[in-house]
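# Examining the three-dimensional arrangement
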Amino acid sequence: MAKYITECKLNYFQSKKAGKIAIVTMDNGQFYNVPNTWGTEALESLNKVIDIVEKDADVKGWILTGKPFIFNVGADIMSVDTSVTRDKALEIGHVGHATFKRIMGLKIPTLAAINGAVMGGGVEVGLYHNYRTISKSPGGCDHYALPECFLGLVPGWGGTQLVTKLCGPEKAIELIITNPLNQNRMINSKKAFEMGLADKLIAPAEFMDESLALLERIITGEEKIERKAVDPKMTDELYNQTKFAIAGRVHSGALGPYRALDLIRGAGTWSLDEGFEQESQTLADMIMSEQFMCGVYSFDLTQRRAKKLPGRPPKEVKGNKIGKIGVIGAGLMASQMALLFAQRLQCPVVMKDIKQEFVDKGLAYVREQLGKSAKKGKMSAADATWMGEELITGTVTYDGFADCDFVIEAVFEEIGIKQKVFAELEAICKPECLFLTNTSSLNIAEMGKFLKDPSRVIGFHFFNPIAVLPLVEIIKTDTTSEVALATAFDLAKKIKKTPVLVKNAPGFLVNRILLAWMDGIFQCINEGAGFMQVDNAVVELGFPMSPFTLAALVGPAISLHVQETLNAAWPERFPVSEGLKNLVAKGKRGLVVFTETGVDIDPEIAAGWPQGNKKFTDEEIRQRVLERVALEVDTILKEGVVADPRDVDTGVIMGAGWPFFMGGITPYLDQKGISVKVTGKKFHPNGFLPKQEN
């Protein structure tokens, strides 16, 4: 993995009315898809520039900006040595604070011109300036974030202290804790400006000219920046509310959000120097933690490795061009797919279902979602109308399917129905049209076995909700052509999804792991563990939702269907749960009910669930569940369902929301000794952290 060093380049602008202005540009010499970062060399480069500016009495102002489309996305975490001593880890925080604080100490007005994407240490360096301008979205700063809590860290170069003092604790909590824990949500320039993180919002075309003109007016005294006074002190009520909210997201599993909350609270009473030292100490603790190692691994998986499309055929294999798409079905999943294809590819999409009322409902959903996007400013009202009324159409016949480049089905999970759909499509569609299936567990080869050309069939499995979860499982059969496979990978990239290549096997990858997870949970309940004890014990590991919440979200009937599919293949490893069968038979949507004292197991479900009388500790429950997952991951790898443990982790992170701070699952199982206990070896015998090349 190549290392690109960001250099701070110093130039001057000679203003007729304001004098000599230093313009410092952060640039690593690469295209915008390789963003500026802070590493040791970059900080040294900034220090050298500050040395020059400090000694030049003619300099009257300072602007820091980035290369086109990129300001700075923060510390290069891939270059952090996770085997460092704590003293060395502490030095990382000290060096960042000391370097950025020199900007604060300059005797001239300083302005950070945030021209593009900015995250982590990029946000932080901007906060040390007297003033900040930000380039208007779209096309300017579309991504603004302090994502450290998502990565197993805390903002350690001033973020917790400076955001709190500038904007107040509520907004600091939103930016530093709430957003990272909400699928690493990022804000845009408009939101950053509204929060008080920037003083001026400027259109991209005039951004540098207007930023420079603002600094000139500040230097000459023509303009003064007015800011609302904020109280940085946090109330006990806000602290307790936030702690409760963190527990609802990560429970006791993740360390970073809790440590960040304490730093934000401290910012209300500490001096800057005291706060910076507390940040450095906390950052050192986090760098030494296993969670940070897992966070680095997860970051590399999702930000670098996944973008290389591992599993795609060689680049010499060209995928088909996509000009028109067919969707069979108009239910929720089908409607979500149609919406995504239209938004990302901007080509015609035709949805078919067996009844006009189903089609109308699907189209209504699509138009409603487009309308919401227009109201939020994510697209124009005209584009929303165009997509909803013209680009996406509906039918109860196969009219409009003859010239589709691919058709994806999302009909009832029954192999005979899917075979019938594909046979009807083959009679209508052009020979090069590909047939995709969104099945969650059925045999894809079986779906296409009666076709004249089964090479056009491939699995393309989304996860619900499609707009939130970025994973697509691409399932290849023995007959799937290389062109079909290349097209599927290229399609995933175009619609901004992360593909994982999976062998055609029952349950594929993510659902198979989730069902093994649930099997471990059911084992404990079957043997006598309390329902709510199991639910609470497992979620404390830090999973995004409890087992019973997930079961309700997926739907018991779907869970039972997948379990029965897996049971048919491996009856010893995947027994069909009698309790789950009873749950489905009674038409229940979930296992729990709300009572006067809180949430508890539904008495009808408990009565119909065979149980022993064995007692478990919470730790025994967690161990049992993780051992069951480890066994299944090992089997998946031995069977070649995926090629690499990293594919397993990409799948559970991006398809099931499993935490970055667990590395998905395989690094965590190695760290806790569970993989060795269950399989006799580690999933990563040579370590799981990626190697960086100089």
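Rules and cut-offs
- Residues numbered from 1 in each chain as written.
- Predicted model: local features only at pLDDT ≥ 70, side-chain atom pairs only at ≥ 80, totals over all residues.
- Heavy atoms only, no water.
- Helix = DSSP H or I, 4+ residues; strand = E, 2+ residues; numbered from the N terminus.
- Rg over C-alpha atoms; globule rule 2.2 N^0.38 Å.
- Buried < 20%, exposed > 50% of the residue type's maximum accessible area, 1.4 Å probe, protein only.
- Contact = heavy atoms within 4.5 Å.
- Areas by Shrake-Rupley, 256 points an atom, 1.4 Å probe, with all protein chains shown as cover.
- Axes fitted to C-alpha atoms, helices over the stretch in contact; angles between N-to-C directions.
- Left-handed = near helix turned anticlockwise from the far one by under 90°.
- Salt bridge = Lys/Arg side-chain N within 4 Å of Asp/Glu carboxyl O.
- Pairing = 2+ DSSP bridges.
- Phe/Tyr/Trp six-rings, centres within 6.5 Å; stacked < 30°, edge-to-face > 60°.
- Lys NZ or Arg CZ within 6 Å of the ring centre and 35° of its normal.
- Core = buried A, V, L, I, M, F, W, Y, C linked by side-chain atoms within 4.5 Å.
- Expected span 1.5 Å × (residues − 1).
- Polar contact = N/O pair within 3.5 Å; in protein donor to acceptor, adjacent residues only side chain to side chain.
- Patch = residues over 30% accessible without salt bridge, like charges linked within 9 Å, V, L, I, M, F, W, Y side chains within 5 Å.
- Lys, Arg positive; Asp, Glu negative; His and termini not counted.
- Charge placed at Lys NZ, Arg CZ, Asp CG, Glu CD.

### Describing the overall build of the protein chain
Of regular secondary structure, the protein chain possesses 27 helices and 19 strands. On C-alpha atoms alone, the protein chain measures out to a radius of gyration of 27 Å, which is about the 26 Å that the 2.2 N^0.38 rule sets for 694 residues. Dimensions of the protein chain along its principal axes, counting C-alpha atoms only, are 80 × 60 × 50 Å. The buried share among the 694 residues of the protein chain stands at 55%. In the protein chain, once contacts between residues fewer than 6 apart in sequence are set aside, the share between residues at least 24 apart is 75%. Accessible surface, the protein chain: about 29600 Å² in total, of which carbon and sulfur atoms supply 53%.

### A few points about the packing of helix α18 (residues 510-527) against helix α24 (residues 618-639)
Where α18 meets α24, the axes come as close as 8 Å, and the angle between the chain directions of the two elements is 145°. For the crossing formed where α18 meets α24, the hand is right-handed. Of α24, the residues touching α18 (which contributes Arg-512, Ile-513, Ala-516, Trp-517, Asp-519, Gly-520, Ile-521, Gln-523, Cys-524 and Glu-527) are Ile-621, Arg-624, Val-625, Arg-628, Val-629, Glu-632, Val-633, Thr-635, Ile-636 and Glu-639.

### Topic: the pattern of salt bridges
Here the idea is simple: oppositely charged side chains can pair when their charged atoms come close. Summed over all chains, the structure comprises 41 salt bridges. Glu-619 is the salt-bridge partner of Arg-622, the closest N and O atoms lying 3.3 Å from each other. Of the two residues, Arg-622 and Glu-619 both sit in helix α24, three residues apart, roughly one turn of that helix. Take Glu-619: its relative accessible area is 47%, and that puts it in the partly exposed class.

### Section: the pairing of strand β1 (residues 7-15)
By the bridge criterion, nine bridges tie β1 to strand β2 (residues 19-27) in an arrangement that is antiparallel. Bridge pairing links Ser-15 to Gly-19 in β2. Linking β1 to β2, which pair antiparallel, is a turn of three residues.

### What about the packing of aromatic side chains?
According to the stated counting rule, one finds 18 aromatic pairs in the structure shown. An angle of 75° between the planes, with centres 5.3 Å apart, marks the rings of Phe-460 and Phe-462 as edge-to-face. A residue is classified by how much of its surface remains accessible, and Phe-460, at 0% relative accessible area, is buried. Three or more aromatic residues joined by ring pairs form one cluster here, namely Trp-38, Phe-100, Tyr-128, Trp-157 and Phe-276. The cationic tip of Arg-512 hangs over the ring face of Trp-570; the distance from NZ or CZ to the ring centre is 4.1 Å. The ring centre of Phe-574 lies 4.9 Å from the NZ or CZ of Arg-628, which sits over that ring.

### Details of the sheet that holds strand β14 (residues 434-437)
The eight strands lie next to each other as β12-β11-β10-β13-β14-β15-β16-β17, forming an open sheet whose pairing is mixed. Unpaired on one side and paired on the other, β12 (392-395) and β17 (498-503) mark the two borders of the sheet. The mean angle between the axes of side-by-side strands here comes to 25°, regardless of whether they run parallel or antiparallel. Strand contacts of helix α13 (residues 356-375): β11 (349-352) and β12, with the helix running at about 170° to β12, the strand carrying the most contacts.

### Section: the pairing of β14
Side-chain alternation along β14 places Leu-434 and Leu-436 on one buried face and Phe-435 and Thr-437 on a second face that is also buried. For β14 and strand β15 (residues 457-462), the ladder comprises three bridges, and the chain directions are parallel. Its bridge partner being in β15, Thr-437 is matched across the sheet by Gly-459.

### Description of the environment of Lys-171
Mapping Lys-171 onto the fold places it in helix α5 (residues 169-181). Taking the relative accessible area as the measure of exposure, Lys-171 reaches 31% and is therefore partly exposed. Separated by 24 residues in sequence, Lys-171 and Met-195 have C-alpha atoms that sit 6.9 Å apart. Filtering out sequence-adjacent residues up to four positions away, Lys-171 remains in contact with Glu-194 and Met-195.

### Remarks on the nonpolar core
Core analysis: the biggest nonpolar cluster contains 154 residues, and Trp-38, Trp-62, Tyr-144, Leu-197, Leu-425 and Trp-517 have the highest contact counts within it. Ignoring sequence-local partners within four residues, the contact set of Trp-517 consists of Val-538, Phe-543, Met-545, Pro-547, Leu-550, Val-625, Val-629 and Trp-658. In terms of nonpolar packing, the next biggest core, distinct from the first, is built from 41 residues, Val-349, Met-379, Ala-488 and Ala-492 among them.

### What to know about unusual backbone geometry
Of the consecutive residues Ser-137 and Pro-138, the connecting peptide bond is found in the cis state with omega at -5°. Put simply, Asn-464 and Pro-465 share a cis peptide bond, and its omega is 0°. Along the polypeptide, Pro-465 turns up in the loop between β15 and β16 (471-476). Phi is positive for Phe-69, which is not a glycine, with a value near 75°. Tracing the backbone shows Phe-69 in the loop between β3 (59-66) and β4 (70-72). A positive phi angle, close to 55°, is found at Leu-309, a residue other than glycine. When you line up the elements, Leu-309 lands in the loop between α11 (290-305) and β10 (325-328).

### Overview of the environment of Phe-660
Tracing the backbone through its elements, the reader meets Phe-660 in the loop between α25 (645-656) and α26 (666-671). Expressed as a C-alpha distance, the spacing of Phe-660 and Asp-649, which sit 11 residues apart in the sequence, is 9.4 Å.

### Section: the sheet that holds strand β5 (residues 110-114)
Judged by pairing direction, the sheet is mixed, and its six strands sit side by side in the order β1-β2-β3-β5-β7-β9 without closing on themselves. With one partner strand each, in any of the chains shown, β1 and β9 (200-202) form the two edges of the open sheet. Ignoring strand direction, the axes of neighbouring strands in this sheet form an average angle of 20°. Bridge count between β2 and β3: seven bridges; the pairing is parallel. Looking at β3, one finds that Val-24 is bridged to Leu-64. Most of the contacts of helix α1 (residues 40-55) go to β1, to which it runs at about 30°, and overall it touches β1, β2 and β3.

### Observations regarding α11
With 16 residues, α11 extends 21 Å from end C-alpha to end C-alpha; this agrees with the ideal 22 Å at 1.5 Å per step. By the burial criterion, the buried members of α11 are Gln-291, Phe-292, Cys-294, Gly-295, Val-296, Tyr-297, Ser-298, Asp-300, Leu-301, Thr-302 and Arg-305.

### Quick look at the side chain of Asp-602
With respect to the secondary-structure elements, Asp-602 resides in the loop between β19 (598-601) and α23 (603-607). Taking relative accessible area as the criterion, Asp-602 reaches 7% and is therefore assigned buried. A polar side-chain atom of Asp-602 sits 3.0 Å from a polar atom in the side chain of Lys-588. Contact partners of Asp-602, with chain neighbours within four places excluded, come to Lys-588, Leu-591, Val-592 and Val-593.

### Details of a positive patch on the surface
On the surface, a cluster of positive charge is contributed by Arg-185, Arg-249, Lys-376 and Lys-378. The residue Lys-376 is located in the loop between α13 and α14 (381-391) in this model. For Lys-376, a relative accessible area of 62% corresponds to the exposed category.

These results come straight from atomic positions and should not be treated as a statement about function.
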